[in-house]
Amino acid sequence: MPDTGTPVARSPIATAPPEIVRAGWAVSGARSGAVLTLTDCTPLTKVAVKAVDEQVLATVLDVPFGRAARQDWGLDDGAQVLVVGSGPGERLVLAAPGRQTHVVDRLAQLTGDALVSVVDLTHGRALVRLAGGGSARLLAHECAVDLGEAMCPDGTALRTAVAGLATDFVRDDRAGMLSYLLHCERSSGQYLFDSLRDAGVELGAEVDGFVPPGI
Amino acid sequence: MRRTPTSPVRRPGRPTGTVPAMTMRLNPQAGEAIDRDDTFTFDWNGRSYPAYGGDTIASALTACGERIFSRSFKYHRPRGLLTASHLDPGCIVQVDDEPNVRGGHRHARAGSRVRSQDTWPSLRFDVKAANGLVGRFLPAGFYYKTFIHPQPLWPAYERVLQRFAHGGVLSAHTPAEAERPRYDKRFAHPDVLVAGGGPAGMAAAVAAARAGAQVLLVEEEHALGGHLRWGGSADLTALADLRDQVAVTPGIEVLTDSVVLGRYEGNWLSVLERGRPDVHERLVKARAKSLVVAAGLIERPYVFAGNDVPGVLLSTAARRLVNLYAVKPGHRAVVFTANAAGDAAAADLERVGVEVVHVEDARHGGDLVRVLGRRGVRAVEVAGGATYSCDLVVTAVGWTAPASLLTMAGDVPTYDARAARFRPDTARLPDDVLATGVVVGDGDLEHLLAHADATGREAARRAAVVAWAWRTALPHRAAEAPPGTEAATRSEAATGTSAATGTGAATGAEQAPDADPVDVPDLPVDAHPELFRAGTHGIVDFSEDVTSQDLLTAVDEGYRGVELVKRYTTATMGPTQGKLEIVNTVAIVAQALGQSIQETGTTTWRPPYAPVTLGALAGRSREPVRHSPMQLWHERHGAVPLVAGAWIRPEHYGDPAGEARTVRQRVGIIDVTPIGKLDLRGPDVAKLLELVYVNRWSKLDVGRVRYGVMCADDGVVLDDGVTARLGDDHYLMSTTSSGAAAVWEWVESWLQTEHPDWRVLVTPVTTAYASINVAGPRSRELLSRLVEGVDLGPDDFGYMHVRTARVAGVDGCVLWRIGFTGELSYEVHVPAGYGLHVWEALLDTGADLGVRPFGVEAQRVLRLEKGHSIVGQDTDGLTRAFSAGLDGLVKLDKDDFVGRPELTWQHEHGDGYRLVGLRPLDGSVVPAEGSQLVEDGQRICGRVTSSRRSPTLGYSICLAQVAAHLASPGCRVSVRLPDGHTVAAVVTEHLAHVDPEGVRLRA
């Protein structure tokens, strides 16, 4: 068997220099102190779970459709997972990079004999975090949804068009700072990222590198 | 570029000369909007002019004594300022490459080139002014009457008429990306949107914000304040106070130089934001819970002979020039006034040294007769016969309520003869639309501010009710968790909804707002003389050169309604869109018809309220594109991009024929990531497959792959692809690249609507995998160097089988042994993040085997040689399965499948075209795809669906849809080429031109 080197996973979003490898992924080593940042979080583990019966998911994952919540699934590094009620009968579990096996096993344990489909979509989705007080203003350029506190409080999950692209959308504030996770089909990841970056120019948005665990 | 006003300016390639002095510029005025420390020059018709920061193009030129800025639409009469605002029809100019710029509003910009539009050879000497000499022969309707006959000459007429059309010049030059004006779009969700930033608008915004509303305050001018900006000291004091309140009150976003274009159902409001430093124009799509219209009033021109001669100004224009821009509009003035605005204008003019030689007071029977002069006012004749020498005539004869937004919300303005204007009927407005300020009624500033304050509070109250209703209508999150569970309790607390009721109604966590409605006081209405037209005829529509005589002529000719007169004469159809001329038009038509203005009614206000560029409507260019994980590699290696739907794919790498030969002779790899992929799980997947495919699926073994074709209910081919069985209840379905989304919806539709009892879960995984087809006689040899855990030999891994394996160190890869190209080939599906790694490993490892990438074009050639059809190319929207060469695949003896009844009918009747292989007898001719097949020299009997020159065979080959009676092997058909020539072709034995027995792909 020829030596083809250790496989390094790549996001669909071109890495801002310098490129470094973290958790088996090529990521940007750039660090930004800007008040509004864009981070390519594609390396996060992304596992979709579907069930014919919505109540099964609502019960065992304890997160209703339209909401997202952090949970402690006993990962050895102590990082939490983010369970997203992304659709009726559909949840997405986000975890630190490389945790696919753990998440899939845990889901199997939680769902037992129920008819569920657990599919690892880590490589199938692009994931971007937008963080900073101007996030909602930036998104107002690309998204028609009312992102005000009353309509989209922290923990809101919804699916909508961002820059004309079907995008799953989670309001996921970090340490009291406004933040959104946006994910779309991998093939359009660069497009989504570029659209957000373009819209963020007048707001001073900068690219910030991914730092594991990143969730 | 900054220069002092009197400095000589020299620019390469431009006329040189002394910059004119600002001879009409006044000493600093209390409320002036210019920055005298910011001086610069710009070009006007090739000559440099000075300006101050904050000057409009019109104010800067007027300050230098210029009075003519344009020529009129039809007669090319000299035109000067009328309103000195955005509405001014006399100062529409070209700025650099941008036509139709409102010079009365647009700020002058250092270095910009401003030109008059549609004047030749110059603004001063415009030969088209000859139109005015024959004006009596150009009455209303001239255009329609003259150019309708003879119809064949219309193209010639059109070319001539185009030369007379106003509208500036669009440059054919496409500026570089960095030089292009930037257009943008954004969304806003204010609780209250206030349209109009005058005193009432500001007061309403402050009141609404203080009541807790998020407010978007939109003002068309460059600054808040409305008429207070050009008022006296008391007005300026009030203005400063209101501006302070707006500034310090949280929750108010102010957009100046912006205008609300339209109001649509559900209070969707389009707002055009202009002149930001980073964005030329931005369309704001706002959904407001309440709309407050505080649009103020527009001063109305007076119709009399010579009313368009440069030097005839509205009173508000004179006051704006004096007080905002410190510009003296003339030297000797006559003021015709019917109201306080005219009185104030006369006072302002006298204060700044303009000699007011006469005030003609309409309130005491005064009137104007005519202005004398052509290129500028020389004198004016007033009622009673007196004539006054002057260079400035100021009129103040009344107002028009810009009720556009209100009428878009359902209002029908009614004419109030006492006030001499149409006024909105606010009782007709929906709950989410309110109005305040002088658009509603009159009164002093105290009255207006009290009304606005109450209106703002009421708007906030109504917005709160709407917000509550919207929040409680959100998806019922709590209901997702069983009532009584911890999740349900938490969600109920968060959303104020009840899982138990399932209604989404609020349950106590958030009560419906119950504040009492605000009592909004009435506004008084001041009496005002009805003044529309003097005893002489003059211009009614300054944009379209429509005279009062034109309106009377139209009525005489039988156009007995204002809408008909409008269309016949084009009155109110120019750039001002009726804002200046609608009331005068209606009044003159009413007089001609012998009926009241109320009986005559108005024309209809429709969006947009103000002109909007196509750039603003388009916003940023946002067209989603899709790339495979190997896209950057393709770009770096010279791939010619192919736009395939949203996907960007490599069409070829410079030599598609060579790429095809490599696959036939050695080995090639192609990026086929766009192939649609659906992960299917559950015990009833086989039932689903049996339903949506025309062939059988119940006996597909684990580890096997099968080709399938889907048809719609009408038997028309919908999609095709292979599906692999990865486990007992686990399948991976592939679709065409373009059909991935449609097939997903198709499958979900059947599951959710017809068979919700089937236990099948579908997850699209198209881009979870990077897909690479390794094809060619040496593909097995290449792949075996990188694959671990699978024996690739034909016995263990035969044709139409599937395996999972580790490839180039990457776990979780799926290998299908299939062959679209007709060669021994493997489709490798790699977790997408590792796609580039595996792609490069294949090329590195197979270098000694001669591996090279091939693009979509080579793939098309190869599959055509093999006779594999492409859904959508070799089929169309009418092609049923038996017309697509699928006779052996369709299993009519199955109990059921989608399209079975139609296909049974087609099978029994044998009608429709047939897909056949076709070979032109002259192998050097490649008929264009889409070429018609004809018989008897005339009748169409089919078409070429695919055609290429085969690199393997050395001659041209085709697939074609042909009438059934000509589909037998050996039948000769004629192919009509696009150039009209005809070539003969013969139907081949098989669809496949190469390896019809399939020896190569089964190797």
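Residues numbered from 1 in each chain as written. Chains lettered and ligands numbered in written order. Predicted model: local features only at pLDDT ≥ 70, side-chain atom pairs only at ≥ 80, totals over all residues. Heavy atoms only, no water.

Caption draft 1: Quick peek at the overall build of chain A. When its secondary structure is counted, chain A shows four helices and 14 strands. On C-alpha atoms alone, chain A measures out to a radius of gyration of 17 Å, which is about the 17 Å that the 2.2 N^0.38 rule sets for 215 residues. Taken along the three principal axes of its C-alpha coordinates, chain A extends 55 × 50 × 30 Å. Considering only contacts in chain A between residues 6 or more positions apart, those separated by 24 or more positions represent 63%. (Helix = DSSP H or I, 4+ residues; strand = E, 2+ residues; numbered from the N terminus. Rg over C-alpha atoms; globule rule 2.2 N^0.38 Å. Contact = heavy atoms within 4.5 Å.)

Caption draft 2: Spatial organisation of the overall build of chain B. Within chain B, the secondary structure is distributed over 23 helices and 49 strands. Overall, the C-alpha framework of chain B stretches about 110 × 80 × 60 Å when taken along its three principal axes. In chain B, 106 positive and 120 negative side-chain charges are present, and the distance between their average locations comes to 5 Å. (Lys, Arg positive; Asp, Glu negative; His and termini not counted. Charge placed at Lys NZ, Arg CZ, Asp CG, Glu CD.)

Caption draft 3: Up close: the pattern of salt bridges. Residue and element names in this part refer to chain B. For the structure on display, the rule yields 71 salt bridges over all chains. The partner of R36 in a salt bridge is E32, and the shortest N-O contact between them spans 2.8 Å. By relative accessible area, R36 is classed as partly exposed at 24%. The salt bridge partner of R370 is E381, with a shortest N-O separation of 2.8 Å. Residue R370 is found in strand β20 (residues 368-372), and its partner E381 is found in strand β21 (residues 379-382); the two are separated by eleven residues along the sequence. Under the relative-accessibility criterion, E381 is labelled buried at 19%. (Salt bridge = Lys/Arg side-chain N within 4 Å of Asp/Glu carboxyl O. Buried < 20%, exposed > 50% of the residue type's maximum accessible area, 1.4 Å probe, protein only.)

Caption draft 4: Representation of helix α5 (residues 233-248) of chain B within the structure. All names here are of chain B. Compared with the 22 Å implied by 1.5 Å per residue over 16 residues, the 23 Å span of α5 between its first and last C-alpha is a close match. Listing the buried residues of α5 in full gives L236, A238, L239, L242, Q245 and V246. Looking at the buried residues of α5, the elements they touch are α4 (199-210), β10 (215-218), β11 (252-255) and α9 (445-472). (Expected span 1.5 Å × (residues − 1).)

Caption draft 5: Summary view of the packing of helix α17 (residues 656-665) of chain B against helix α22 (residues 856-866) of chain B. All names here are of chain B. Where α17 contacts α22, the axes come no closer than 8 Å and their chain directions differ by 55°. Our classification of the angle between α17 and α22 gives oblique. Considering the relative orientation of α17 and α22, their crossing is right-handed. Between α17 and α22, the contacting residues are P656, E659, A660, V663 and R664 on the first element and E857, A858, L862, E865 and K866 on the second. Of the residues contributing to the contact of α17 with α22, the split by class is five nonpolar, no polar and five charged. (Axes fitted to C-alpha atoms, helices over the stretch in contact; angles between N-to-C directions. Parallel < 35°, antiparallel > 145°, perpendicular 65-115°, else oblique. Left-handed = near helix turned anticlockwise from the far one by under 90°. Nonpolar A, V, L, I, M, F, W, Y, C, P; charged D, E, K, R; others polar.)

Caption draft 6: Here's a closer look at unusual backbone geometry. Cis peptide bonds are those with omega within 30 degrees of zero, and the linkage from P212(A) to P213(A) qualifies with 5°. Mapped onto the fold, P213(A) is located in the segment after β14 (206-208). A positive phi angle, near 50°, is found at N45(B), a position not held by glycine. By the secondary structure assignment, N45(B) is in the loop between β1 (35-44) and β2 (47-53). Of note, T570(B) is a non-glycine position whose phi angle comes to about 70°, a positive value.

Caption draft 7: Local environment of the sheet that holds strand β47 (residues 956-963) of chain B. All names here are of chain B. Strand order around the closed barrel formed by six strands is β44-β47-β46-β45-β48-β49, with antiparallel pairing between neighbours. Neighbour-to-neighbour, the strand axes of this sheet turn through a mean angle of 45°, independent of strand direction. Where strand β48 (residues 972-976) and strand β49 (residues 982-987) come together, five bridges link them in antiparallel fashion. Directly across from R976, in β49, lies its bridge partner T982. Against the sheet, α22 touches β46 (939-949) and β47, its axis set at about 120° to β46. (Pairing = 2+ DSSP bridges.)

Caption draft 8: Main features of the interface of chain A and chain B. Listed as interface residues are 52 residues of chain A and, on the opposing side, 64 residues of chain B. Both faces combined, the contact of chain A with chain B buries some 4700 Å², and carbon together with sulfur accounts for 56% of it. Linking chain A with chain B are eight salt bridges, by the criterion used here. Linking chain A to chain B there are 23 residue pairs in polar contact (both at pLDDT 80 or more). Every element with two or more residues in the side of chain A that touches chain B is listed here: β1 (9-10), β5 (45-51), α1 (54-60), β9 (116-120) and α4 (189-199) of chain A. Counted by class, the side of chain A that touches chain B contains 25 nonpolar, 15 polar and twelve charged residues. (Buried area = accessible area lost by both parts, 1.4 Å probe. Polar contact = N/O pair within 3.5 Å; in protein donor to acceptor, adjacent residues only side chain to side chain.)

Caption draft 9: View of the nonpolar core. With 74 residues, the main nonpolar core has F42(B), W44(B), I57(B), L81(B), V93(B), L349(B) and I597(B) as its most contacted residues. Counting residues in hydrophobic clusters, the runner-up holds 66 residues, among them W633(B), F797(B), Y834(B) and L842(B). (Core = buried A, V, L, I, M, F, W, Y, C linked by side-chain atoms within 4.5 Å.)

Caption draft 10: Spotlight on the side chain of E544(B). All names here are of chain B. Mapped onto the fold, E544 is located in the loop between β28 (539-541) and β29 (546-547). In this structure E544 is buried but unpaired, with K74 as the nearest side chain of opposite charge at 8.8 Å. Ignoring sequence-local partners within four residues, the contact set of E544 consists of F73, K74, T570, M573, G574 and P575.

Caption draft 11: Geometry of the pairing of strand β14 (residues 281-287) of chain B. All names here are of chain B. Within β14, five of the seven residues are buried, leaving the element largely enclosed by the surrounding structure. Bridge count between strand β8 (residues 183-188) and β14: six bridges; the pairing is parallel. When the sheet's bridge partners are listed, K185 is paired in β14 with L283. Bridging between strand β13 (residues 268-274) and β14 involves seven bridges; their strand directions are antiparallel. By the bridge assignment for β14, L272 is matched with L283. Hairpin connection of β13 to β14: six residues between the antiparallel strands, including G275 at a positive phi of 65°.

Caption draft 12: Region of interest: the packing of aromatic side chains. Evaluated as defined, the whole model comprises twelve aromatic pairs over all chains. Their ring planes at 65° and their centres at 5.3 Å tell us that Y415(B) and F422(B) sit as a pair that is edge-to-face. The residues Y415(B) and F422(B) share a single accessibility class, namely buried. On the numbers, 4.7 Å between centres and 25° between planes, the contact of Y693(B) with W697(B) is stacked. Residue classification places Y693(B) among the buried positions, given a relative accessible area of 0%. Site record: aromatic cluster; members linked through ring pairs are Y302(B), F304(B) and F336(B). In this structure, R106(A) is placed above the aromatic ring of W73(A), and the distance from its NZ or CZ to the ring centre is 5.7 Å. (Phe/Tyr/Trp six-rings, centres within 6.5 Å; stacked < 30°, edge-to-face > 60°. Lys NZ or Arg CZ within 6 Å of the ring centre and 35° of its normal.)

Caption draft 13: Expanded view of the sheet that holds strand β22 (residues 387-389) of chain B. Residues and elements named next belong to chain B. The antiparallel open sheet is built from three strands, whose spatial order is β20-β21-β22. Sheet topology places β20 and β22 at the edges, where each strand pairs with a single neighbour. Strand-to-strand twist in this sheet, taken as the mean axis angle between neighbours without regard to direction, amounts to 20°. The pairing of β20 with β21 spans four bridges and is antiparallel. Counted as the bridge partner of L368 is V382 from β21.

Caption draft 14: Representation of the environment of A305(B) in the model. All names here are of chain B. Counting through the fold element by element, A305 comes out in the loop between β16 (298-299) and β17 (312-314). Residues A305 and V916, 611 residues apart in the sequence, show an inter-C-alpha distance of 80 Å. The contact partners of A305, leaving out residues within four places of it in the chain, are V369, R370, V371, T536, H537 and G538.

Caption draft 15: Inspection of the side chain of T767(B) at higher detail. Turning to its location among the elements, T767(B) is positioned in the loop between β37 (761-764) and β38 (769-775). In this structure the side chain of T767(B) is engaged in a polar contact, spanning 3.2 Å, whose partner is the backbone oxygen of G124(A).

Caption draft 16: Looking closely at a nonpolar patch on the surface. All names here are of chain B. Taken together, the side chains of L133, V134 and F137 define a hydrophobic patch exposed on the protein surface, amounting to about 350 Å² of accessible area. Looking at the element boundaries, F137 is found in the loop between β7 (113-116) and α2 (142-146). Overall, the relative accessible area of 58% leaves F137 in the exposed class. (Patch = residues over 30% accessible without salt bridge, like charges linked within 9 Å, V, L, I, M, F, W, Y side chains within 5 Å. Areas by Shrake-Rupley, 256 points an atom, 1.4 Å probe, with all protein chains shown as cover.)

Caption draft 17: The arrangement of the confidence of the model for chain B in detail. All names here are of chain B. Per-residue pLDDT for chain B averages 92, and the proportion of residues at 70 or more is 95%. Counted against residues more than four places away or in other chains, residues 1-16, with its pLDDT under 50, gives 33 contacts. Contacts for the low-pLDDT stretch residues 477-508, under 50 throughout, to residues beyond four places or in other chains number 60 contacts. This prediction of the complex comes with two scores: 0.88 for pTM and 0.97 for ipTM. (pLDDT = per-residue confidence, 0-100.)

Caption draft 18: A look at the environment of Q932(B). Residues and elements named next belong to chain B. Structurally, Q932 is set in strand β45 (residues 932-935). Sequence separation between Q932 and V944 is twelve residues; the distance between their C-alpha atoms is 6.5 Å. Setting aside anything within four residues of it in sequence, one finds Q932 in contact with I940, G942, R943, S974, V975 and R976.

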